[in-house]
Amino acid sequence: MLDRLQSVEDRYDRLNELLSDPDVINDTKKLREYSKEQSDIQETVQVYREYKEVNQQHKDARAMLEEKLDDDMHAMVKEELEELADRKEELEARLKILLLPKNPNDDKNVIVEIRGAAGGDEAQLFAGDLYKMYSRFAEAQGWRTEVIEATSTELGGYKEIIFMVNGAGAYSKLKYENGAHRVQRVPQTESGGRIHTSTATVAVLPEAEEVEVQIHDKDVRVDTFTSSGPGGQSVNTTMSAVRLTHIPTNTVVSCQDEKSQIKNKEKAMKVLRARVYDKIQSEVQAEYDENRKLAVGTGDRSERIRTYNFPQSRVTDHRIGLTIQKLEQILQGKLDEIIDALILEEQAEAMQRAEQ
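Numbers given to residues run from 1 along each chain, matching the order in which its sequence is written. Whole-chain, interface and lining totals are the exception, using all residues; otherwise, since this is a predicted model, local features are given only for residues with pLDDT of at least 70 and side-chain atom pairs are given and counted only at 80 or more. No hydrogens and no water enter the side-chain calculation; it runs on all heavy atoms of the structure.

### Section: the overall build of the chain
Turning to step 1, where the next piece is worked out: For the chain, the helix and strand inventory stands at nine helices and 11 strands.
Turning to step 2, where the next piece is worked out: In the chain, which comprises 356 residues, the share counted as buried stands at 40%.
Turning to step 3, where the next piece is worked out: Long-range contacts, defined here as pairs at least 24 residues apart, represent 62% of the contacts in the chain between residues at least 6 apart.
Turning to step 4, where the next piece is worked out: Entry remark: accessible area of the chain is about 20,200 Å², with carbon and sulfur atoms responsible for 46%. Only DSSP runs of H or I covering at least 4 residues are called helices, and only runs of E covering at least 2 are called strands; the numbering of each starts at the N terminus. Whether a residue is buried, partly exposed or exposed follows from its accessible area with a 1.4 Å probe, protein chains only, as a fraction of its type maximum: under 20%, in between, or over 50%, in that order. Residue contacts are defined here by distance: any two heavy atoms, one from each residue, within 4.5 Å place the two residues in contact. Every accessible area reported is derived by Shrake-Rupley at a probe size of 1.4 Å, with residue values counting cover from the shown protein chains alone.

### Topic: the sheet that holds strand β10 (residues 314-317)
Turning to step 1, where the next piece is worked out: Two strands form a pair only when DSSP identifies at least two bridges running between them. The sheet built from eight strands is open, its strands ordered β2-β3-β1-β5-β4-β9-β10-β11 with mixed pairing. Sheet topology places β2 (144-152) and β11 (322-324) at the edges, where each strand pairs with a single neighbour. Strand-to-strand, the axes of this sheet are offset by a mean angle of 15 degrees, without reference to chain direction. Angles here are taken between N-to-C directions and fall from 0 to 180 degrees, while the axes themselves are lines fitted to C-alpha atoms, restricted in helices to the stretch in contact.

### Observations concerning the packing of helix α1 (residues 2-18) against helix α3 (residues 28-65)
Turning to step 1, where the next piece is worked out: As a packed pair, α1 and α3 sit with axes 9 Å apart at the nearest point and diverge in direction by 130 degrees. In this view, α1 runs oblique relative to α3, as classed from their interaxial angle. Note on packing geometry: the crossing formed by α1 with α3 is left-handed. Counted together, Leu2, Leu5, Gln6, Val8, Glu9, Arg11, Tyr12, Asp13, Leu15, Asn16 and Leu18 of α1 and Tyr34, Glu37, Gln38, Ile41, Gln42, Thr44, Val45, Tyr48, Arg49, Tyr51 and Lys52 of α3 form the full contact between these two elements. An angle below 35 degrees is read as roughly parallel, one above 145 as roughly antiparallel, one from 65 to 115 as roughly perpendicular, and any other as oblique. Each crossing gets its handedness from the near helix: less than a right angle anticlockwise from the far helix is left-handed, clockwise is right-handed.

### Here's the deal with the pattern of salt bridges
Turning to step 1, where the next piece is worked out: Any carboxyl oxygen of Asp or Glu that lies within 4 Å of a side-chain nitrogen of Lys or Arg is treated as forming a salt bridge with it. In total, this model carries 24 salt bridges according to the counting rule given.
Turning to step 2, where the next piece is worked out: Linking Asp223 and Arg221 is a salt bridge whose minimum nitrogen-to-oxygen distance equals 3.5 Å.
Turning to step 3, where the next piece is worked out: Judged by relative accessible area, Asp223 falls into the partly exposed class, the value being 25%.
Turning to step 4, where the next piece is worked out: Taking relative accessible area as the criterion, Arg221 reaches 44% and is therefore assigned partly exposed.
Turning to step 5, where the next piece is worked out: One continuous salt-bridge network, built from bridges that share partners, spans Glu9, Asp13, Arg49 and Lys52.

### Regarding the pairing of strand β4 (residues 179-185)
Turning to step 1, where the next piece is worked out: Among the seven residues that make up β4, seven are buried, leaving the element largely enclosed by the rest of the structure.
Turning to step 2, where the next piece is worked out: Pairing of β4 with strand β5 (residues 196-206) involves seven bridges; the strand directions are antiparallel. The residue of β5 that forms the bridge with His181 is Ala200.
Turning to step 3, where the next piece is worked out: Pairing analysis gives five bridges linking β4 to strand β9 (residues 304-309), with the strands arranged parallel. Directly across from Val183, in β9, lies its bridge partner Tyr308.

Structure, rendered in structure tokens:
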């Protein structure tokens, strides 16, 4: 591990030199590439340097104990040695995690798609609740959200809502939300006070750059139509809404959120590129995971991952068996406790695989 860490530090120092090189400064592509590489390993280098410093202090303290010291000094050095040993152990554990392979999509923006599934009107209202939850979570992280496409209902829910989350590390946290979310509560439309169970599905797609997935114009059919609102009524008489069909994969994306056809086409293309990229990634991942089922991560979207139980004010994440009695806070976007637990579980699984 120490050899790997030294190699990372050497590379970091080399990147510092490169980023001061006039040839690199004048090359936008190289400058961006080296800056990102340096940013990716900066935390690892900082922790490694602290580890080396603590390790040296630990050695010096051990050497002092072998000298002739009075009782007070001996006790003080022994206490310092114990503190340094604890800190050294903490840093070693953190370095092991930092050296784990990272998902190349973790730093990307994401496109989130929420759809009401089983449960009719109640499922669509729940889809609206999930959208508000993620919007508040994104705001707390300092991220920006932008609705791409939404099919709302007269009751205030969504049959489908697609939105983009722009922010560093958005995918690294929101990727765990892939799957079916179940709600148990008395619907607004229920007069008898009976608890209903409904579901909404969430898909989180990393934004794909043009260089990562090439979509040729000849492979995309473009259709235009007038936009519509709840119940199907026309809300715009111009042909501003756009439907894109990627013929090779039969992937269809519509967008009518903007009044401009050009803007709707740009938004739809972002979603189309992300879906095609996700399809390619999913096929690769399925092959990789053929003989190994991962408990945590971006799994099957038909799998029920979480239950929101209103009568008991609890939220349960079924992948890790975590139950929290904080339903209202979670729906207000305070997802950190759940996401942090999922990250720790995934890191533990990765550590276990690395040791095998």
